[in-house]
Amino acid sequence: MAFVLAVAGKGGVGKTTICGMIIQHLVKTGKKPLLAVDADANANLNEVLGVSVGPTLGQVREELELSGIPGKSPIPEGVSKEDYLKERLDQVVSKTEDFDLMVMGRPQGEGCYCFVNGLLQTQLQKLEANYPYIVVDNEAGMEHISRGVLPHVDAMVLVSDCSRRGVQAAGRIAELVNNLGINPGSMGLIINRSPEEELNPGVREEVEKYGLNLLGVLPHDELVFEYDGEGTPSVNVPDDSPIKKALRGIIDKLGI
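Since the structure is predicted, the reported quantities are computational estimates derived from the model, not experimental observations.

### Some details on the sheet that holds strand β8 (residues 214-219)
- Across the sheet, which stays open at both edges, the eight strands sit in the order β3-β4-β2-β5-β1-β6-β7-β8 with mixed pairing between neighbours. Lying at the two open borders of the sheet, with one neighbouring strand each, are β3 (93-95) and β8. Taking the axes of each pair of neighbouring strands and ignoring which way they run, one obtains an average angle of 20° across the sheet.
- Both β3 and strand β4 (residues 100-103) contribute to a ladder of three bridges, which runs antiparallel. The residue bridging S94 from the neighbouring strand is L101, located in β4.
- Each of β1 (3-9), β2 (34-39), β5 (133-138), β6 (155-161), β7 (186-194) and β8 is contacted by helix α1 (residues 15-28), which is oriented at about 170° to β5, the strand it contacts most.

### Side note on the pairing of β7
- Of the strand pairs in this sheet, β6 and β7 are connected by seven bridges, and their pairing is parallel. Pairing of M156 across the sheet is with M187, part of β7.
- On the question of chirality, the crossover connecting β6 to the parallel β7 by way of helix α7 (residues 164-179) is right-handed.

### Quick word on the packing of α7 against helix α8 (residues 201-209)
- Running from N to C, α7 and α8 point in directions that differ by 5°, and their axes come no closer than 9 Å. Classed by the angle they form, the pair α7 and α8 counts as roughly parallel. On α8, the residues touching R164, V167 and Q168 of α7 are G202, V203, E205, E206 and V207.
- Among the residues making up the contact of α7 with α8, the classes are represented as three nonpolar, two polar and three charged.

### Comments concerning α1
- For α1, which comprises 14 residues, the first-to-last C-alpha distance of 20 Å matches the rise-based estimate of 20 Å (1.5 Å per residue) to within 8%.
- For α1, a buried count of 13 out of 14 residues is recorded, marking the element as mostly surrounded by other parts of the structure.
- At the exit of α1 stands G30, carrying a positive phi of roughly 85°.

### Some thoughts on the packing of helix α3 (residues 57-66) against helix α4 (residues 81-91)
- Look at α3 against α4: their axes get within 11 Å of each other, and the N-to-C directions meet at 165°. Here α3 lies roughly antiparallel to α4, going by the angle between them. Along this stretch, α3 crosses α4, giving a crossing that reads as right-handed. In this structure, α3 contributes L57, V60, E63 and L64 to the contact, and α4 contributes K81, Y84, L85, R88 and L89.
- Along the lines of polarity and charge, the residues of the contact of α3 with α4 split into six nonpolar, no polar and three charged.

### Remarks on α7
- Taking 1.5 Å per residue as the helical rise, α7 with its 16 residues ought to reach 22 Å, and the 22 Å between its terminal C-alpha atoms agrees with that figure.
- Three or more residues of α7 are buried, namely G166, V167, A169, A170, G171, I173, A174, L176 and V177.
- G181 sits one or two residues past α7 and shows a positive phi near 70°.

Calculation notes
- Residues numbered from 1 in each chain as written.
- Predicted model: local features only at pLDDT ≥ 70, side-chain atom pairs only at ≥ 80, totals over all residues.
- Heavy atoms only, no water.
- Pairing = 2+ DSSP bridges.
- Helix = DSSP H or I, 4+ residues; strand = E, 2+ residues; numbered from the N terminus.
- Axes fitted to C-alpha atoms, helices over the stretch in contact; angles between N-to-C directions.
- Contact = heavy atoms within 4.5 Å.
- Right-handed = clockwise from strand over helix to strand, strands pointing away.
- Parallel < 35°, antiparallel > 145°, perpendicular 65-115°, else oblique.
- Nonpolar A, V, L, I, M, F, W, Y, C, P; charged D, E, K, R; others polar.
- Expected span 1.5 Å × (residues − 1).
- Buried < 20%, exposed > 50% of the residue type's maximum accessible area, 1.4 Å probe, protein only.
- Left-handed = near helix turned anticlockwise from the far one by under 90°.

Structure (structure tokens):
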């Protein structure tokens, strides 16, 4: 059974950047083969990692929606819908030398995400046996956790910036995880973008209020913003950068 590490948190706190750096560190320390999963409808984990992606699950869903429309169906004549779906699902996993990546993406048309979530859940169950490690970048909300999309969770990493609202969002996710009986082997909080790795007393108060296990604090790192602005993958920030040095110590606490 794969070791599943899930990363979650409020939007805009640097969750995906941290997730990408965790993936990079695990691969560098021999934790592979590894499947990276971008389970956020607003997918950009591939940009953080610097890799291209094939079709997303959302795109596959759109193709199936068109399958019944004459002149618009992408399914070749003589190919069943079931066979076409199987072939496309085999293509949603983009392979690299160090890890594989599957992207949920979002449907282009109207409608709920139920079908795409179902595809994601089915694919994770199918692929779990092929990878000893799976790292999932969850959406900014809590839908994947509440719907039980993940097969199981061995480690839950909550990410917040150094604001009370960010910590409160992480606290609500932790409460949901506990209420649903997900029972991850470990769960902890990473505070990101903190000036000089210092926490405001009010923020620390929120951490204690929710009973969160503070894994560590990551400093504000200008290089991350520079790389993002230039379109350079965030994981290419030098290994001796403040954020990467701090993150390595935090990952060690997870006992992966």
